[in-house]
Amino acid sequence: MHDDPHIDATDPSDLTQRHSVPPAEPTAAADPSAPVSPMDAAATNASTEPERVPGSWTPTSDRYTPAPETRSEWARSWDDAPPVTPERWYEPAPTPAATAVPTSTSRDNGRGGGGGTLLAAALLAAVLASGGTVLALNAAGALDRPVAAVTTPQSTNAGAIQPVSIDESSATIAVATNVSPAVVKIRVTGAADTGNQGVIPPTGVGSGVIFNSNGWILTNHHVVEGGEKFDVELKDGRMLSGTVYGIDTLTDLAIVKVDATGLPTAAIGQSDALKVGELVIAIGSPLGTYSNSVTSGIVSAKGRSITTDNNEQLTNLIQTDAAINPGNSGGPLLDAGGNVIGINTAIASNSNGIGFAIPIDVARPIMDQAVAGQPLTRPYMGIHFVSITRQIADQQKLPVNVGALVGGVDQNGDPVTGVEPGKPADQGGIKDGDIIVSINDKVIDEEHPLDATLAQFSPGDTVDVKILRDGASMTLKVTLGTRPAGL
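Read on for an overview of the structure. The residue count restarts for each chain, going from 1 along the sequence in the order it is written. Note on the predicted model: pLDDT of at least 70 is required for a residue's local features to be given, and 80 or more for side-chain atom pairs to be given and counted; whole-chain, interface and lining totals, by contrast, use all residues. Hydrogen atoms and water are omitted, and side-chain values are computed over all heavy atoms in the structure.

**Things to note about the packing of aromatic side chains**
What characterises a pair of aromatic rings is the spacing of the ring centres plus the angle enclosed by the ring planes. Aromatic pairs are defined between Phe, Tyr and Trp rings, using the six-membered ring for Trp, whenever the two ring centres lie within 6.5 Å; interplanar angles under 30 degrees are classed as stacked, those over 60 as edge-to-face, and all others as tilted. Evaluation of the coordinates by the stated rule reveals one aromatic pair. The lysine or arginine in question, Lys257, covers the ring of Trp216, its NZ or CZ lying 5.3 Å from the ring centre. We count a charge as sitting over a ring when the NZ of a lysine or the CZ of an arginine lies within 6 Å of the ring centre and within 35 degrees of the ring normal.

Here is the structure:
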């Protein structure tokens, strides 16, 4: 094909526009009236009472405590308390709660001396142990390290709603507010012959975006195709009559004109700088009913090629998961700044979240032509080429892994000449076997194929074509011609 990559006709990815554990048995409780010696009581408490958390309060009355059950791994992973950071190093020690000192009884007085001695010995051992730890840490230099600052989160009232700031949400809101006035609904009425029922007017609905305040609207070719009457509805409720200024011979684009001035417009961005994963917003009239609907998603991929339901080949498309439905066609795909970076044009059949948009860089030349009152035309070099991939480079032992190899094959797979005699490429000195690596310093690669790059220029433009020939690099000047109708 002309100025297009060779597309495999057998590509199958045709797309259209469109568990309770019973409680443990309690053990027999001891007779509360039986006398219990202090030693027995201490032994009983040591064997039956759970370990107490320092500072916690424990009832003194007798109570039943079931034996703990072994928990599963998932219970431990969710329920176990996190380890406590040593207070002395990082956090201020909490003020201990005041504890009442029990009054000594006669039984206490009888054993007081031994208890005091044990307590004093325990305290002395603790002090000596901590002192040894401090000496060891000091010798190691650990105590000389700076103390890490810990930020303690501020407490909030239970149940109070806390404000959350999300930049992505804010961007979507801003884009919807600023751009929606420039998005229109286009109701198309045509005529269809239904045989015995005669000619009746079928109606279709699409979307569009105003790119010039003097009534210039960018939409899809398939939205206006076959239409005879075009009613353009603005967000403010105005209904304007439109006419088709022209259609694009290369892509599924068209320009509609309404007789009005001072209309709200959308800013035109640059699709070439888009990154996969970048936030995008789609605005349009899905199903022709829900005007100015806003959806958001990301750039899923770039440089996609599809075959529509009418067997039309569309290449170099932006893939997005922003919801696109019938009726969204012709509406804008925008970046987080509210700039138009694509025109929504198709969805994958039997899919969820696979939509496609025509890059705005491809549309810009015909937009400029329309505003200037010129016919919509596309540039032409007159060459057949194959987009180079690593596989092709390995098979043909090419010096580069990207670029456009001049040459091609016909429908039977037979080689054909890459340069048409007398056409701009031939006149500029391009030959079969040349590898086009850039045009006006725009590098040709998988995300920027030759046909998409050429589409950013207009007929009559003279461009610098950098090529590789027999391993040598050279730059040729080529004046672009006009793409013939039907190509």
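What follows continues from the structure just given.
**Digging into the sheet that holds strand β8 (residues 254-258)**
Two strands qualify as a pair provided that DSSP identifies no fewer than 2 bridges between them. Only DSSP runs of H or I with at least four residues qualify as helices, and only runs of E with at least two residues qualify as strands; both kinds are numbered from the N terminus onward. Overall, antiparallel pairing links the six strands, which are arranged β1-β4-β5-β8-β7-β6 in a closed barrel. Sheet twist, expressed as the average angle between the axes of neighbouring strands with direction ignored, equals 40°. The sheet contact formed by strand β5 (residues 216-219) and β8 spans four bridges and is antiparallel. Counterpart to Ile217 in the pairing with β8 is Val256. Every axis in this analysis is a line fitted to C-alpha atoms, fitted for helices over the stretch in contact. Angles between the N-to-C directions lie between 0 and 180 degrees.

**Description of the pattern of salt bridges**
Salt-bridge detection follows one rule: a side-chain nitrogen of Lys or Arg within 4 Å of a carboxyl oxygen of Asp or Glu. Applying the stated criterion across every chain, the model contains six salt bridges. Here Arg378 ties to Asp248 by a salt bridge, and the two come within 2.9 Å at their closest N and O atoms. Taken together, the residues Arg378 in the loop between α7 (360-371) and β15 (379-380) and Asp248 in the loop between β7 (239-247) and β8 connect sequence positions 130 residues apart. Note on classification: 1.4 Å probe, protein chains only; a residue is buried when its accessible area is under 20% of the maximum for its type, exposed when over 50%, partly exposed between these limits. Residue classification places Arg378 among the buried residues on the basis of a relative accessible area of 1%. You can call Asp248 buried: its relative accessible area is 5%. With its nearest N and O atoms 2.6 Å apart, the salt bridge here joins Lys477 to Asp464. Residue Lys477 is found in strand β23 (residues 472-479), and its partner Asp464 is found in strand β22 (residues 462-469); the two are separated by 13 residues along the sequence.

**Considerations on the nonpolar core**
Here, nonpolar core refers to any group of buried Ala, Val, Leu, Ile, Met, Phe, Trp, Tyr and Cys residues whose side-chain atoms link them within 4.5 Å. Formed by 33 residues in total, the largest nonpolar core has its most connected members in Leu218 and Ile255. Elements supplying a minimum of two residues to this core: α5 (167-179), β4 (203-212), β5, β9 (279-284), β11 (313-320), β13 (340-347), β14 (355-359) and α7. Setting aside chain neighbours within four positions, we find Leu218 in contact with Gly208, Val209, Phe211, Leu253, Ala254, Ile255, Gly330, Ile343, Ile360, Ala363 and Met367. Ile383, Val419, Phe457 and Val478 belong to the second largest nonpolar core, which has 20 residues in total. Note on contacts: a residue pair qualifies if any of its non-hydrogen atoms lie within 4.5 Å across the two residues.

**Some thoughts on the environment of Val478**
Counting through the fold element by element, Val478 comes out in strand β23. With 49 residues separating them in the primary sequence, Val478 and Gly429 have C-alpha atoms 8.2 Å apart. Not counting residues within four places of it along the chain, the set of residues in contact with Val478 comprises Met381, Pro424, Ala425, Gly428, Ile430, Asp461, Thr462, Val463 and Val465.

**Topic: the pairing of β14**
For β14, the tally of buried residues reaches five of five residues, placing the bulk of the element in the interior. Pairing analysis gives three bridges linking β11 to β14, with the strands arranged antiparallel. Bridge pairing links Thr320 to Gly355 in β14. When β13 meets β14, the two strands line up antiparallel, connected through five bridges. From the neighbouring strand, Ile347 faces β14, where its bridge partner is Gly355.

**Considerations on unusual backbone geometry**
Residues apart from glycine generally show negative phi values, whereas peptide bonds are mostly found in trans. Within the chain, Asn316 stands out as a residue other than glycine whose phi angle is a positive 60°. Relative to the helices and strands, Asn316 resides in strand β11. For Asn316, a relative accessible area of 13% gives the class buried. Unlike most non-glycine residues, Asp441 shows phi in positive territory, near 70°. Tracing the sequence through the fold places Asp441 in the loop between β20 (435-439) and β21 (442-443). Residue Asp441 is classed as exposed on the basis of its relative accessible area of 73%.

**Side note on the side chain of Asn220**
Mapped onto the elements, Asn220 comes out in the loop between β5 and α6 (221-224). Polar contacts involving the side chain of Asn220 include one to the side chain of Thr345, which spans 3.4 Å. In contact with Asn220, other than residues within four places in its own chain, are Asp252, Leu253, Ala254, Ser329, Gly330, Ile343, Asn344, Thr345 and Ile358. Nitrogen and oxygen atoms within 3.5 Å of one another constitute a polar contact, given that in protein one can donate a hydrogen and the other can accept it, and given that sequence-neighbouring residues count only through two side-chain atoms.

**Details of the environment of Gly206**
Among the secondary structure elements, Gly206 is positioned in strand β4. Taking C-alpha positions, Gly206 is 9.1 Å from His222, a pair spaced 16 residues apart along the chain. Setting aside residues up to four positions removed in sequence, Gly206 forms contacts with Val184, Lys185, Ile186, Val223, Gly327 and Ser329.

**Some points on the sheet that holds strand β12 (residues 332-335)**
Reading around the circumference, β9-β10-β11-β14-β13-β12 is the order of the six strands in this closed barrel, with antiparallel pairing throughout. Between one strand axis and the next, the sheet turns through 50° on average, direction left out of account. Sheet topology note: the β9/β12 ladder contains three bridges and is antiparallel. Bridged to Ala282 within β12 is Leu333. Sheet contacts for α7: β13 and β14; angle to β14, the most-contacted strand, approximately 45°.

**With respect to empty space enclosed by the protein**
There is about 170 Å³ of room inside the largest cavity. Of the two site types, the cavity is a set of points on a 1 Å grid over the protein atoms alone where a 1.4 Å probe fits but cannot get out, and the pocket is an open set with protein on both sides within 12 Å along at least five of seven lines, each lined by residues with an atom within 4 Å of a point. What lines the largest cavity is a set of 16 residues, and nearest its centre among them are Asp272, Pro359, Glu447, His448 and Ala452. A class-by-class count of the residues in the lining of the largest cavity yields six nonpolar, six polar and four charged. Grid points are joined across faces, edges and corners, and a volume is the space filled by probe spheres set on the points. Gly falls in the polar group here, along with every residue not listed as nonpolar (Ala, Val, Leu, Ile, Met, Phe, Trp, Tyr, Cys, Pro) or charged (Asp, Glu, Lys, Arg).

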